[in-house]
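Now for the letters of each chain:
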Amino acid sequence: MYKLRLLSAFLLATLATESMAQKIVIAHRGASGYLPEHTLEAKAMAYAMGADYIEQDVVMTADDQLIVLHDITLDRTTNVDEVFPNRARDDGRYYAIDFTLEEIRRLTATEGFRINENGEKQQGYANRFPMGTSTFSVPTLQEEIELIQGLNKSTGKDIGIYPEIKQPAFHRNEGKDISTAVVRMLKEYGYTTKQDKVFLQTFDFDELWKIHEEIFPAEGVDVNLIQLIGDPDDYPWMFEDDGMKKLSFAADGIGPSHGLVIDRSSKKGDIMVTGLVSAAHASGLQVHPYTYRTDPGQIPGYADSFEELLELHYFLADVDGLFTDFPDRAVNFLDSKD
Ligand code: CA
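Caption draft 1: Spatial organisation of the packing of aromatic side chains. Evaluation of the coordinates by the stated rule reveals 17 aromatic pairs. For the pair Tyr 235 and Trp 237, a centre-to-centre distance of 6.5 Å together with 70° between the ring planes defines the contact as edge-to-face. Aromatic ring contacts, followed pair by pair, group Tyr 53, Tyr 162, Phe 199 and Phe 323 into a single cluster. Lying across the ring of Phe 84, Arg 87 places its NZ or CZ 5.2 Å from the centre. Positioned over the ring face of Tyr 95 is Arg 89, at 4.4 Å from the centre of the ring.

Caption draft 2: Geometry of unusual backbone geometry. Looking along the chain, the bond that leaves Tyr 290 and enters Thr 291 is cis, with omega of -25°. Looking at the element boundaries, Thr 291 is found in the loop between β10 (286-287) and α11 (306-316). Non-glycine residue His 38 carries a positive phi angle of around 55°. Along the chain, the position of His 38 falls in the loop between β1 (24-27) and α2 (40-49).

Caption draft 3: Broad picture of the confidence of the model for the protein. Of all residues in the protein, 94% have pLDDT values of 70 or greater, and the mean over the chain is 94. Taken element by element, the predicted model of the protein shows its lowest mean pLDDT in helix α1 (residues 2-21) (45) and its highest in strand β3 (residues 66-68) (99). Ignoring residues within four places in sequence, the model shows residues 1-21, a span with pLDDT below 50, making three contacts including any to other chains.

Caption draft 4: Looking closely at the side chain of His 313. For His 313, the location among the structural elements is in helix α11. Residue His 313 is classed as buried on the basis of its relative accessible area, which comes to 0%. Contact partners of His 313, with chain neighbours within four places excluded, come to His 258, Val 261, Ile 262, Tyr 292, Tyr 302, Asp 318, Val 319 and Leu 322.

Caption draft 5: Molecular detail of the pattern of salt bridges. Here the structure, examined in full by the defined rule, presents 30 salt bridges. Measuring nitrogen to oxygen at the nearest pair gives 3.1 Å for the salt bridge that ties Glu 219 to Arg 184. Pair noted here: Glu 219 is in helix α8 (residues 205-219) and Arg 184 is in helix α7 (residues 178-188), with a separation of 35 residues, a long-range link. Assessed through its relative accessible area of 12%, Glu 219 is described here as buried. A salt bridge links Lys 210 to Glu 214; the nearest nitrogen and oxygen atoms lie 3.3 Å apart. Highlighted residues: Lys 210 and Glu 214, both in helix α8, separated by four residues, approximately one helical turn.

Caption draft 6: Just the coordination of the calcium ion, in detail. The calcium ion binds to the protein through Glu 55 (OE), Asp 57 (OD) and Glu 164 (OE); the donor distances cover 2.1 to 2.3 Å. For the calcium ion, the single-chain donor residues occur in sequence as E-x1-D-x106-E. Of this pair, Asp 57 sits in strand β2 (residues 53-60) while Glu 164 sits in strand β6 (residues 160-165), and the two are 107 residues apart along the sequence.

Caption draft 7: Quick peek at the environment of Arg 329. Its location among the elements puts Arg 329 in helix α12 (residues 327-337). On the accessibility criterion, Arg 329 (29% relative accessible area) is partly exposed. Separated by 2.8 Å, the side chains of Arg 329 and Glu 307 make a polar contact.

Caption draft 8: Broad picture of the nonpolar core. Among the nonpolar cores identified, the biggest contains 66 residues, and Leu 200, Met 244, Leu 247, Ile 254 and Tyr 314 are the most heavily contacted of them. In this structure Met 244 touches Ile 229, Met 238, Ile 254, Leu 276, Ala 279, Ala 280, Ser 283 and Leu 285, once residues within four positions along its chain are discounted. Among the nonpolar cores identified, the runner-up in size contains 21 residues, and Leu 101, Ile 104, Ala 109 and Val 138 belong to it.

Caption draft 9: Representation of the environment of Asp 241 within the structure. Counting through the fold element by element, Asp 241 comes out in the loop between β8 (224-229) and α9 (243-247). Along the backbone, Asp 241 and Ala 279 are 38 residues apart, and their C-alpha atoms lie at a distance of 8.2 Å.

Caption draft 10: The arrangement of α8 in detail. In this model, α8 (15 residues) spans 20 Å end to end at C-alpha, consistent with the 21 Å of a helix rising 1.5 Å per residue. At Ile 211, α8 shows its maximal bend, which comes to roughly 45°. By the burial criterion, the buried members of α8 are Phe 205, Glu 207, Leu 208, Ile 211, Ile 215, Phe 216 and Glu 219. At its buried positions, α8 is contacted by β6, α6 (168-173), α7, β7 (199-202), β8 and α9. If you check the start of α8, you find a side-chain oxygen 3.0 Å away from the backbone N of Asp 206, and it comes from Asp 204. Just downstream of α8 lies Gly 220, where phi reads positive at about 70°.

Caption draft 11: Representation of the side chain of Asp 295 within the structure. Its place among the elements puts Asp 295 in the loop between β10 and α11. Classification of Asp 295 by relative accessible area gives buried; the value is 5%. Excluding residues within four positions of it along the chain, Asp 295 makes contact with Tyr 125, Arg 128 and Phe 326.

What counts, and at which threshold
- Residues numbered from 1 in each chain as written.
- Predicted model: local features only at pLDDT ≥ 70, side-chain atom pairs only at ≥ 80, totals over all residues.
- Heavy atoms only, no water.
- Phe/Tyr/Trp six-rings, centres within 6.5 Å; stacked < 30°, edge-to-face > 60°.
- Lys NZ or Arg CZ within 6 Å of the ring centre and 35° of its normal.
- Helix = DSSP H or I, 4+ residues; strand = E, 2+ residues; numbered from the N terminus.
- pLDDT = per-residue confidence, 0-100.
- Contact = heavy atoms within 4.5 Å.
- Buried < 20%, exposed > 50% of the residue type's maximum accessible area, 1.4 Å probe, protein only.
- Salt bridge = Lys/Arg side-chain N within 4 Å of Asp/Glu carboxyl O.
- Donors = N, O, S within 2.8 Å, 3.2 Å for Na, K, Ca; no water.
- Polar contact = N/O pair within 3.5 Å; in protein donor to acceptor, adjacent residues only side chain to side chain.
- Core = buried A, V, L, I, M, F, W, Y, C linked by side-chain atoms within 4.5 Å.
- Expected span 1.5 Å × (residues − 1).
- Bend = angle between axes of the 7 residues up to and from the residue.

Shown next, in the form of structure tokens:
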């Protein structure tokens, strides 16, 4: 009896260590807290910082090339307005889908900015890499996969990719099947099974279902799928009792906004963990919330520091991984728990 108990305690400790070791850090748009988002430089930095997965947002160009860009427009993160001043649509926005890859290669990528009330460019996060300095470009998905696979070869590590299909309905409306193109690119680079180091993500459940039911079987691919969840009103059924169960027929995990994991109105000593993580886990779904940032105003009032925020989400709420612009901080935090 005594021996059995010892063994159980040992097994429990082993299991706890293993489950801890499995918690992952996803570099959100690369090490985007330090270098302009979705540049190869930001991805190399995230890789060097020890992220487990590196994220790509993917949109399509006029000539059907896949580029890594967060928005379907080029406005916020390039100098498109200076290089092609007459190419905006009626809404004043410059859509990547209206430009060829060759044209996009003539743009300079930069730290993200917005146009302020005086009509001036003002960078989104004041403490980050200075807008408009040095020289960066918008990479293709292929270039980025080759960067990460190249680093995997030269370092001997096996760091994963985490591509998001951006606004698939918009792309379909423009006559482009971006999902099939992304899945074919994954296949070309050897990402074909759930054992391969890739999570494919989208906010659009109809598209996720289509990928699972039609595109994967057609292409002979079956990689891990993540349903992103922003506004709970988008898909109220996901928050019903059987919502995660239904989702698990197609998805392997969810990527919720972190306010859906710990309620943003939580206070110190009164942390409100929602039922989302336990519901997801009960249906076999992994949980990778977004986006954890250290910038001023980005740490919710219920946490005293970024590390406390990570502690609460990784270990109180028990998420399996998280998206952060500051992957070094999350890697160091998880290392400190080993
Ligand atoms: Ca994304």
